[in-house]
Amino acid sequence: MDRKYAALLRGVNVGGSRKVPMAELRSVLEGLGHGDVQTYLQSGNAVFSSAKKDPRALARELEAAIEAHFGFRVACLVVDGAYLKAVADACPFPAAELEGRQLHATFYSELPGPERFAGLDPAAYLPEEYRLGDRVLYLYAPNGLGRSKLAEALAKPARVKGIDATTRNWNTVAKLVELTEA
């Protein structure tokens, strides 16, 4: 039986570079043999079904297909619907009480070890907060991601070196959960 997956592309369609039109992304995914392909927004979110069971292998396959089609590499994280639902259910912040722009999830290809966050003083960034989950970092940024000093500190290369990471606001997380459950 096919599983539903979400593909999260990192750093596409921002600032006029690394353009990946969503219609073409759908075609790339369909060309890989995936079904029920949908995209969400223009920021590199796609949902598809596949009989394949290894999200990491699906991600590598998609990265290669995107590079072949568009001529540049894009880091891709592929997660299944059950994982997305678990991420949403485990959110340590009151998601239902917050605006989607205030709560974010950074998805990692593997969870950075706690040593990468050792030099970070969470009290220095209050009222902003973060919590680590299963290959995800939850970020509460009451003034939005664009103004978040904590988000800037969390994204420093020393914290994420060697790990693919991409961030989505909570509205997008909730919509991807919905699309992978359908």
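Residues numbered from 1 in each chain as written. Predicted model: local features only at pLDDT ≥ 70, side-chain atom pairs only at ≥ 80, totals over all residues. Heavy atoms only, no water.

Notes on the sheet that holds strand β5 (residues 103-108)
In step 1: If you walk across this open sheet you meet the 4 strands as β6-β7-β5-β8, and the pairing is antiparallel. Edge positions in the sheet fall to β6 (129-132) and β8 (165-169), since each of these pairs with one other strand and no more. For this sheet, the mean inter-axis angle between neighbouring strands, taken without regard to orientation, is 20°.
In step 2: Bridging between β5 and strand β7 (residues 136-140) involves 5 bridges; their strand directions are antiparallel. Bridge assignment links Leu-103 to a residue of β7, and that residue is Tyr-140.
In step 3: Lying on the sheet, helix α3 (residues 81-89) is in contact with β5 and β7; it crosses β7 at an angle near 40°.
In step 4: Contacts between helix α6 (residues 170-181) and the sheet are confined to β5, β7 and β8, with β8 contributing the most and set at about 95° to the helix. (Pairing = 2+ DSSP bridges. Helix = DSSP H or I, 4+ residues; strand = E, 2+ residues; numbered from the N terminus. Axes fitted to C-alpha atoms, helices over the stretch in contact; angles between N-to-C directions. Contact = heavy atoms within 4.5 Å.)

Things to note about the pattern of salt bridges
In step 1: The final tally for this structure, using the stated rule, is 10 salt bridges.
In step 2: Two residues, Lys-52 and Glu-61, come together in a salt bridge whose shortest N-O distance is 2.7 Å.
In step 3: For Lys-52, a relative accessible area of 39% gives the class partly exposed.
In step 4: A salt bridge links Glu-63 to Arg-60; the nearest nitrogen and oxygen atoms lie 2.9 Å apart. (Salt bridge = Lys/Arg side-chain N within 4 Å of Asp/Glu carboxyl O. Buried < 20%, exposed > 50% of the residue type's maximum accessible area, 1.4 Å probe, protein only.)

Examining the environment of Asn-169
In step 1: Take Asn-169: it is sitting in strand β8.
In step 2: Sequence spacing of Asn-169 and Glu-99 is 70 residues, and the spatial spacing of their C-alpha atoms is 9.5 Å.
In step 3: When residues no more than four places from it in sequence are discounted, the contact partners of Asn-169 are Gly-100, Leu-103 and His-104.
In step 4: Of note is the side chain of Asn-169, whose polar atom sits 2.9 Å from the backbone nitrogen of Thr-172. (Polar contact = N/O pair within 3.5 Å; in protein donor to acceptor, adjacent residues only side chain to side chain.)

Some remarks on the side chain of Glu-128
In step 1: Structurally, Glu-128 is set in the loop between β5 and β6.
In step 2: It is Lys-149 that comes nearest to the buried, bridge-free Glu-128 among opposite-charge side chains, at 8.2 Å.
In step 3: Among the polar contacts made by the side chain of Glu-128, one reaches the main-chain amide nitrogen of Leu-150 at a distance of 3.1 Å.
In step 4: In contact with Glu-128, other than residues within four places in its own chain, are Pro-122, Tyr-140, Ala-141, Pro-142, Arg-147, Ser-148, Lys-149, Leu-150 and Ala-151. (Lys, Arg positive; Asp, Glu negative; His and termini not counted.)

Side note on the sheet that holds strand β4 (residues 76-80)
In step 1: The strand order across the open sheet built from 4 strands is β2-β3-β1-β4, with neighbouring strands paired in antiparallel fashion. Strands with a single pairing partner mark the edges of an open sheet, and in this sheet they are β2 (35-40) and β4. The mean angle between the axes of side-by-side strands here comes to 20°, regardless of whether they run parallel or antiparallel.
In step 2: Pairing between strand β1 (residues 3-9) and β4: 5 bridges, direction antiparallel. Considered in β4, the bridge of Ala-7 is made with Val-78.
In step 3: Packing of helix α1 (residues 22-31) onto the sheet brings it into contact with β1, β2 and β3 (45-50), and relative to β2 it is tilted by some 155°.
In step 4: Taken strand by strand, α6 contacts β1, β2 and β3, and its axis lies near 165° from that of β2.

All we've got here are geometric facts, nothing functional implied.
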